[in-house]
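Breakdown of the fold
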Amino acid sequence: MTREIEPQHHASLRDYEGVAHLARAVRELRHEAEALLPRMRGRRVWMVNSTAQGGGVAELLPPLVGLLRELDFDARWLVMESEDPSFFRLTKRLHNMIHGEGSADLAADERSLYERCGRLAADEIGGQVADGDLLIVHDPQPLAAGAALRRERDIAAVWRCHIGLDRENPATVAAWDFLEPWARAYDHAVFTAAEYIPRCLSGKASVLYPSIDPLSDKNRELPVHRLTAILAGGGLVRAGAPVADPPFSAVAQRLQADGSWAVATEPDDIGLLFRPIVCQVSRWDRLKGYLPLLQGFAALKRRIGDDAPRTLQLARLVLAGPDPAFIADDPEGREALDELCAAYRGLAPALQEDVAVLTLPMESREENALLVNALQRCSDVVVQNSLREGFGLTATEAMWKRIAVVGSSAVGLRQQIRDGLDGCLVRNPQDPEEIARTLGALLADPVRREALGLSAQQRVHDDFLIFAHLRRWLKVMGDTVASRWD
């Protein structure tokens, strides 16, 4: 049911300090950590979530845990698993309900299922957690397990919820009514936006932005020869010359016109190194807005004439996501991908040629991250067209790379993107015409794209890197321990 994960984080604080524009942030982080360490001596910090790969939380935890250790905190990472597939179907449904989607009806047997799986996980986690430790539980999946431990043991507990909605409807009310008995057991709760905090946690919750790691495989700079080697190794381009790096353990797959999957260079080269690219990389989730983005790009292509700028005529849309078979806690991923595939097959052949739907291999986390990095760096515009978005680190990643970003008006994205300054916001992510207008204007204006990208990178540097994130976590940790035992 639970297993400890050894975080694979290869950058040290000294590595960050070696980068001129990061050195000051590292010094400030060290100073704050030294002030908190005496209070945390003898206490372990346990991070608990529900998957070791796929999604923003699994990417946040390795650098978070790794750097906490380097700062002399005893930090550990546990993943809660379940042999009952109905548990993750339920938690996915709760995820959707918190985003305001789906039926508001939850049956008594679903509460029993949630409680039972949480109890099993709590029994396993409890064998590792000692009195005096700090438990930080991420999202609804392990919420009941952490609540049980907080009630039964002399520990402190924080619930970190990465999702939310800025308004109430029957689905959100039902979801929070369901989760409230467990959520209220925690000493403190942390959300990504003030708008996400439910009434049941008012007064015992704070706001903490997620972040990216600038030296991770997904975000570090890629020299031209390394970029092309990654694209070739992952099967996204045909190597036109010998490549020094070995092939990847698995290659990207591309949807074909007949609905089958083949290597990404079939039936032709995508054009990542030569054509204007509009790209969205996310989990396969209906709430990520893939379908209206596809419809918007198709609408843009249908209305351009022979006199349109070549950037519009040659532009391709790349829709990419992980192989859904590897994402254990998201059973709807395959269904969402199948719906997108059906929409792609319904396009006219000429439009199909301008769209590439890709699944990225997950056999190696490092290779997957490098492929995402390379795809974003090959893009002229990166889109995150989410109908709902807790934060949207895929947008943060592209902003750090100085790429022009188009986001939706979902709360998490508008916290990052200042419309017209750091990128462009689409007010209605389900309106293909608005999407088409926004993409068309950006593709036709390279000067504006460059200006947006420069501002976006500065925005991330100031507010959304791992150092600011860790400093905020240090405050939450210190305040929680103080309120629990002082």
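Check the entry above for the structure.
Everything in this summary refers to the structure shown in the same document. This structure is a prediction, so every number in the text was calculated from the model and none was measured. (Residues numbered from 1 in each chain as written. Predicted model: local features only at pLDDT ≥ 70, side-chain atom pairs only at ≥ 80, totals over all residues. Heavy atoms only, no water.)

1. Considerations on the packing of helix H9 (residues 290-303) against helix H11 (residues 333-345)
Heads up, the rule is: As a rule, the C-alpha atoms of each element are fitted with a line to give its axis, helices using only the stretch in contact, and angles between N-to-C directions run from 0 to 180 degrees. Where helices and strands are cited, they refer to DSSP runs of H or I of at least four residues and of E of at least two residues respectively, numbered from the N terminus. Working rule for angles: under 35 degrees goes down as roughly parallel, over 145 as roughly antiparallel, 65 to 115 as roughly perpendicular, anything else as oblique. Should the near helix be turned anticlockwise from the far one by less than a right angle, the crossing is termed left-handed; should it be turned clockwise, right-handed. Residues count as neighbours in contact if any of their non-hydrogen atoms are within 4.5 Å of one another.
The geometry of H9 relative to H11 is characterised by a closest axis approach of 10 Å and an angle of 15° between their N-to-C directions. By the angle class used here, H9 and H11 are roughly parallel. Crossing hand, H9 versus H11: right-handed. Only Glu339, Leu340, Ala343 and Tyr344 of H11 make contact with H9, whose side of the interface consists of Tyr290, Leu291 and Leu294.

2. Brief notes about the sheet that holds strand E12 (residues 355-360)
Operational definition: Paired strands, as defined in this entry, are two strands with at least two bridges between them according to DSSP.
Read across the open sheet, the eight strands follow the order E9-E8-E12-E11-E10-E13-E14-E15; overall the sheet is mixed. Each end of this open sheet is capped by a strand with a single partner; those strands are strand E9 (261-263) and strand E15 (424-426). Along the sheet, successive strands turn relative to each other by an average axial angle of 30°, direction set aside. By the bridge criterion, five bridges tie strand E10 (residues 277-281) to strand E11 (residues 316-322) in an arrangement that is parallel. Looking across to E11, one finds that Val281 is bridged to Ala320. Docked against the sheet, helix H16 (residues 432-443) engages E10, strand E13 (381-384), strand E14 (404-408) and E15, running at close to 165° with respect to E15.

3. Some words on the nonpolar core
Stated formally: Among the buried residues, those of types Ala, Val, Leu, Ile, Met, Phe, Trp, Tyr and Cys that are joined through side-chain atoms within 4.5 Å form a nonpolar core. Partly exposed residues are those whose accessible area sits between 20% and 50% of the maximum for their type, while under 20% is buried and over 50% is exposed, using a 1.4 Å probe and protein chains only.
Core analysis: the biggest nonpolar cluster contains 58 residues, and Leu68, Phe73, Trp473 and Met477 have the highest contact counts within it. Excluding residues that lie within four positions of it along the chain, Trp473 makes contacts with Leu64, Ile136, Val158, Arg160, Val190 and Leu208. Among the nonpolar cores identified, the runner-up in size contains 47 residues, and Leu90, Ala147, Trp176 and Leu201 belong to it.

4. Regarding helix H13 (residues 365-377)
Here is the rule we go by: Expected helix span is computed as 1.5 Å times (number of residues minus one).
With 13 residues, H13 extends 18 Å between its outermost C-alpha atoms, agreeing within 8% with the 18 Å of an ideal straight helix rising 1.5 Å per residue. Of all the 13 residues making up H13, eleven are buried; the element is thus mostly covered by neighbouring parts of the structure. Residues of H13 that are buried make contact with helix H8 (224-233), E10, E11, E12, E13 and helix H14 (393-400).

5. A short note on the packing of aromatic side chains
Applicable threshold: Stacked, edge-to-face and tilted are the three classes for Phe, Tyr and Trp ring pairs, Trp counted by its six-membered ring, which pair at centre distances within 6.5 Å; planes under 30 degrees apart are stacked, over 60 edge-to-face, the rest tilted.
Taken as a whole, this structure holds 13 aromatic pairs when the rule is applied. Ring geometry for Tyr16 versus Phe467: centroids 5.1 Å apart, planes at 85°, classification edge-to-face. With a gap of 451 residues between them, Tyr16 in helix H1 (residues 13-17) and Phe467 in helix H18 (residues 466-485) connect regions that are remote in the sequence. Of the two residues examined, Tyr16 and Phe467, each falls in the buried class.

6. Quick word on the state of the cysteines
How we decide: Defined by distance alone, a disulfide is two cysteine sulfur atoms within 2.5 Å.
This structure, assessed with the given rule, holds zero disulfides. Take Cys200: it sits in no disulfide, and the sulfur closest to it among the cysteines is that of Cys161, at 10 Å. For Cys200, a relative accessible area of 13% corresponds to the buried category. Left unpaired, Cys279 is separated from the closest cysteine sulfur, that of Cys378, by 9.1 Å. With a relative accessible area of 1%, Cys279 lands in the buried category.

Limitation: the analysis is restricted to geometry and does not speak to function.
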